[in-house]
Amino acid sequence: MRQLQLECIEAHAEGEAGRVVINAAGLVQGATMAERLAYCRDHLDDLRRFLLREPRGFPGLCAVLVLPPVEPGSDLGIVVLEQGGFTPMSGSNTICTVTAVLESGIVPMLEPVTRVRIDTAVGTVETEAVVSGGKVRSVTVANVPAFVVGLDVPLEVPTFGTVAVDVVFGGGFFVQAPAAAMGLTIDPDRGRELTRAGALLKLAALEQLDVRHPLNPDIDAVGNIMLHSGDRQPGVQDRNAVVLTQGRLRADDPSTWTGALDRSPCGTGTCGRMAALHARGQLEIGEKFSHLSVIGTEFVGELLGTTTLGAYEAVLPTITGSGWVTGRSTWVLDDTDPFPAGFSVGDIWAPGL
Ligand SMILES: O=C(O)[C@H]1NCC[C@@H]1O
């Protein structure tokens, strides 16, 4: 007997897969997006694993629950599912969602530009899709304010020693460091070493850093890690590799020191990186910022202005990229299936997490 049936539009944004769940409204309770995110974290973690892990998912996959809006004038709300947990916001997943809801007709498409307003647990996000011939060509996401918690913060990282990192918020909290500081380059061939370094940075961040979003105190931990190409230099292309870890990391278990690299240039990470570069005097308001992923795909960022958020000086970041629909799927759970929350195997992940 089938107990659960999830209707999805499969998509990717600049290579990063996002499974957009379009019939999840009845599964999530809460009057605000913050309450809904908290509800997902408390009650729907098995659903997240069901969607993202084997035998239905894969390590490079994220998903999005498309929910009714909560703010007047918004079109929808989203909660993002990553391998490490539920998150309030994601650039690639927002682009996947906008592309999916417009190309499927869930939200009417108006040529040449359609605006889609999206509620998240850290604020409302305005998006602008360039459309022609019934297709979404690109999506610009005017993200929630991004800010710097600290620049060059010393972290004691297992096996690496002291590493100076930037702690930033760009829709989620990130620790960001030059790949060179870990003896690495941003190259897909070094993926295994990049994920190991990212996992160890995250372990250190979770133990040593206190972060809290001024508008949503439940957002209180570093989520993802960005290794980047370092200070901006004329003629040098900015690149990054964002490490998405699994849920549980343990300092005493090297099998957990792993993760998957974001295949896109990471929208939230790019927004946080732009906040840090602005604070360092390396990115002006209104200047375009081309950021490449580990596979060479691009988001173009821009800071539209500044604002304040609680005690933080913040910037107003946008990112632009493209998404593509890759399929339609219906995921079901048979009540005799032994893996209702999926599984992971130590050939690519830490086993059993
Ligand atoms: O673009 C982003 O913001 C992200 N991509 C996958 C993980 C992050 O949420």
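Source: prediction; values computed, not measured.

1. Observations concerning the domain arrangement of the chain
For step 1, the next point in the chain: Assigned domains within the chain: domain 1 (2-142 + 323-334) and domain 2 (146-319).
For step 2, the next point in the chain: Here the C-alpha centroids of domain 1 and domain 2 sit 23 Å apart.
For step 3, the next point in the chain: Residue-level contacts link 25 residues of domain 1 with 28 residues of domain 2.
For step 4, the next point in the chain: Elements with a contribution of two residues or more to the side of domain 1 that touches domain 2: helix H1 (33-43), strand S5 (85-87), helix H3 (91-103) and strand S8 (135-142).
For step 5, the next point in the chain: When grouped by side-chain class, the residues that make up the side of domain 1 that touches domain 2 number 10 nonpolar, 12 polar and 3 charged.

2. Concerning the site of the ligand
For step 1, the next point in the chain: Around the ligand lies a shell of 14 residues, among which Ser90, Gly91, Ser92, Gly267 and Thr268 are the nearest.
For step 2, the next point in the chain: Counting residues per element, the ones that place at least two in the shell around the ligand are H3 and helix H5 (267-279).
For step 3, the next point in the chain: Ranked by residue count, the leading element in the shell around the ligand is H3, at 3 residues.
For step 4, the next point in the chain: Across the shell around the ligand, the residue classes tally to 3 nonpolar, 8 polar and 3 charged.
For step 5, the next point in the chain: Residue assignment places the shell around the ligand across two domains, with domain 1 (2-142 + 323-334) and domain 2 (146-319) each supplying three or more.

3. Looking at helix H2 (residues 45-52)
For step 1, the next point in the chain: Within H2, 6 of the 8 residues are buried, which leaves the element mostly enclosed by the surrounding structure.
For step 2, the next point in the chain: Within H2, the full set of buried residues consists of Leu47, Arg48, Arg49, Phe50, Leu51 and Leu52.
For step 3, the next point in the chain: Close packing links the buried residues of H2 with strand S2 (16-21), strand S3 (61-67), strand S4 (76-82), S5 and strand S18 (323-334).

4. Examining the environment of Leu277
For step 1, the next point in the chain: Residue placement: Leu277 occurs in helix H5.
For step 2, the next point in the chain: Judged by the 24 C-beta atoms lying within 10 Å of it, Leu277 is buried.
For step 3, the next point in the chain: Leu277 sits 154 residues away from Gly123 along the chain, and the two C-alpha atoms are 23 Å apart.

5. Let's talk about the nonpolar core
For step 1, the next point in the chain: One finds Val64, Val66, Val168, Leu201 and Leu227 to be the most contacted residues of the largest nonpolar core, which totals 102 residues.
For step 2, the next point in the chain: Here this core gets 8 residues from one element, more than from any other, and that element is helix H4 (residues 191-208).
For step 3, the next point in the chain: Looking at which domains feed residues into this core, each of domain 1 (2-142 + 323-334) and domain 2 (146-319) supplies at least three.
For step 4, the next point in the chain: Discounting chain neighbours no more than four positions away, the residues touching Val64 are Gly18, Val20, Val21, Ile78, Val80, Leu81, Asn93, Cys96 and Thr97.

What counts and what doesn't
- Here the residue numbers are simple positions, counted from 1 along each chain's written sequence.
- Reporting in this predicted model follows two pLDDT cut-offs: at least 70 for local features of residues, and 80 or more for side-chain atom pairs to be given and counted; totals over whole chains, interfaces and linings ignore these cut-offs and use all residues.
- Segmentation of the chain into domains, including their bounds, is taken from an automatic or database domain assignment.
- Any two residues are considered in contact once their C-beta atoms, placed from the backbone, lie within 7 Å.
- Strands here mean DSSP runs of E at least two residues long; helices mean DSSP runs of H or I at least four residues long; both are numbered from the N terminus.
- Classification used: nonpolar for Ala, Val, Leu, Ile, Met, Phe, Trp, Tyr, Cys and Pro, charged for Asp, Glu, Lys and Arg, polar for all others including Gly.
- Contact assignment follows one rule, namely that a residue is near a molecule or strand if its backbone-placed C-beta atom lies within 6 Å of it.
- Burial in this document is a count-based property: other C-beta atoms within 10 Å of a residue's C-beta are tallied, and the residue is buried at 20 or more, exposed at 12 or fewer, or partly exposed in between, with C-beta positions derived from the backbone.
- Take the buried Ala, Val, Leu, Ile, Met, Phe, Trp, Tyr and Cys residues, join any whose C-beta atoms are within 7 Å, and the set you get is a nonpolar core.

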